[in-house]
Amino acid sequence: MDYISIRVSTLRGDQKISFDVYVKINEKMVLYIRKGDSFEGLRLKRLKEKKLKKMFIEPDNESFYRDYMQKNIELAYDNKSGKDIQTRSEIIQGEQQSKTEEVFENPELVESYLSAKDSSGRYVQFLLSNNDAVKSIMAIENTDKSMSHHGVTVATLSVALAHKLSGLDPKQTQLLALGAMMHDFGHYDSAIYPKKNRAEMSPAEIDIYKSHAAIGAKKVQDKKHFDQVVLRIINEHEECADGSGYPLGLFEKKIDPLSMIVGTCNTLDRMMTFDGFSKEDAAKKMMVEHMGKYPLGHIQKATEILNSF
Ligand SMILES: [Fe+2]
Ligand SMILES: [Fe+2]
């Protein structure tokens, strides 16, 4: 039997699944999650702790799986569905993560990119039209230190920051979210990061680590369907206002404003997700150690966002 692979990030929410889910162990399919289970709150936490990206279903169940996904997404985005915001956020966060992974795996597929772009527009709407959306998305812990989850977190903070700074139109905000989701494309499938923390890397490994922005940009620069600003965010998100960033050491004037927003939020989530700091400590470190690296208004407003939940 040819099993069909599914993304774990699409299994979310309180809707019961109508199919069995398998994992592959030593080339054998092992029944892992039974029909009738659901994935919200604690159960989601446990599922994420298993650190699996993909699982499998029987080919006969593909249409059940598609129906499940579609129903999940529709209910989650419906502001009047009556579902609680945490469950909705878990489903929507998973959807964004899976769209990002699809592009990371197949950047040449126009369809995957356009679908991710479309859904990031919807995501921005969700974040801006529900009071506790940012808070509930941020409550989902990135226990498996996934690059796509990190991308969604940075996108969430970036949209919240842009909203506070104001001045971006809906189209730009959509591209900001999309670029933020994709910003660490160069780390995806990295042999070094995040397996090793930056503090544990040798100088040669640091050089490889630091090449991720340029590597990510190189992977997409020949893909005509990528928006130019998304490419710029991938290339520039490690640049700093004072010229101390990389790959080019640009100063603020030369850095795209959207890259500057993503850079600020990326630094915050990197401290929380990969360096193990609490949000309070990350906010403090931002004020003390990153002063001058990002515009003062960005630092102040981004830390306000963290302190608001
Ligand atoms: Fe990065
Ligand atoms: Fe990052």
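Residues numbered from 1 in each chain as written. Chains lettered and ligands numbered in written order. Predicted model: local features only at pLDDT ≥ 70, side-chain atom pairs only at ≥ 80, totals over all residues. Heavy atoms only, no water.

### Notes on the packing of helix α6 (residues 147–165) against helix α13 (residues 296–307)
Two elements in contact, α6 and α13, have axes separated by 10 Å at closest approach and are oriented at 120°. It follows from the interaxial angle that α6 and α13 lie oblique. For the element pair α6 and α13, the recorded crossing hand is right-handed. Touching L157, A160, L161, K164 and L165 of α6 are G297, H298, K301, A302, E304, I305 and L306, all from α13. Class assignment of the residues belonging to the contact of α6 with α13 gives a composition of 7 nonpolar, 2 polar and 3 charged. (Axes fitted to C-alpha atoms, helices over the stretch in contact; angles between N-to-C directions. Helix = DSSP H or I, 4+ residues; strand = E, 2+ residues; numbered from the N terminus. Parallel < 35°, antiparallel > 145°, perpendicular 65-115°, else oblique. Left-handed = near helix turned anticlockwise from the far one by under 90°. Contact = heavy atoms within 4.5 Å. Nonpolar A, V, L, I, M, F, W, Y, C, P; charged D, E, K, R; others polar.)

### What about the pattern of salt bridges?
This structure, assessed with the given rule, holds 20 salt bridges. E304 is the partner of K164 in a salt bridge, and the nearest nitrogen-oxygen pair spans 2.9 Å. With a gap of 140 residues between them, K164 in helix α6 and E304 in helix α13 connect regions that are remote in the sequence. Given the relative accessible area of 41%, E304 is considered partly exposed. With a shortest N-O distance of 3.0 Å, E289 and K285 are connected by a salt bridge. Of the two residues, E289 and K285 both sit in helix α12 (residues 279–289), 4 residues apart, roughly one turn of that helix. K285 sits in the partly exposed class, given a relative accessible area of 22%. (Salt bridge = Lys/Arg side-chain N within 4 Å of Asp/Glu carboxyl O. Buried < 20%, exposed > 50% of the residue type's maximum accessible area, 1.4 Å probe, protein only.)

### Considering the environment of P257
Within the secondary structure layout, P257 lies in helix α11 (residues 257–274). Note: C-alpha distance between P257 and I233 (24 residues apart in sequence) is 9.3 Å.

### Details of the environment of L250
Structurally, L250 is set in the loop between α10 (228–236) and α11. Considering only alpha carbons, one finds L250 and I4, 246 residues apart in sequence, at a separation of 45 Å.

### So, α6
Between the first and last C-alpha of α6 there are 26 Å, a value that for 19 residues agrees with the 27 Å anticipated at 1.5 Å per step. Counting buried positions along α6 yields 16 of 19 residues, so the element is predominantly enclosed. Positive phi appears at S166, one or two residues downstream of α6, with a value of about 55°. (Expected span 1.5 Å × (residues − 1).)

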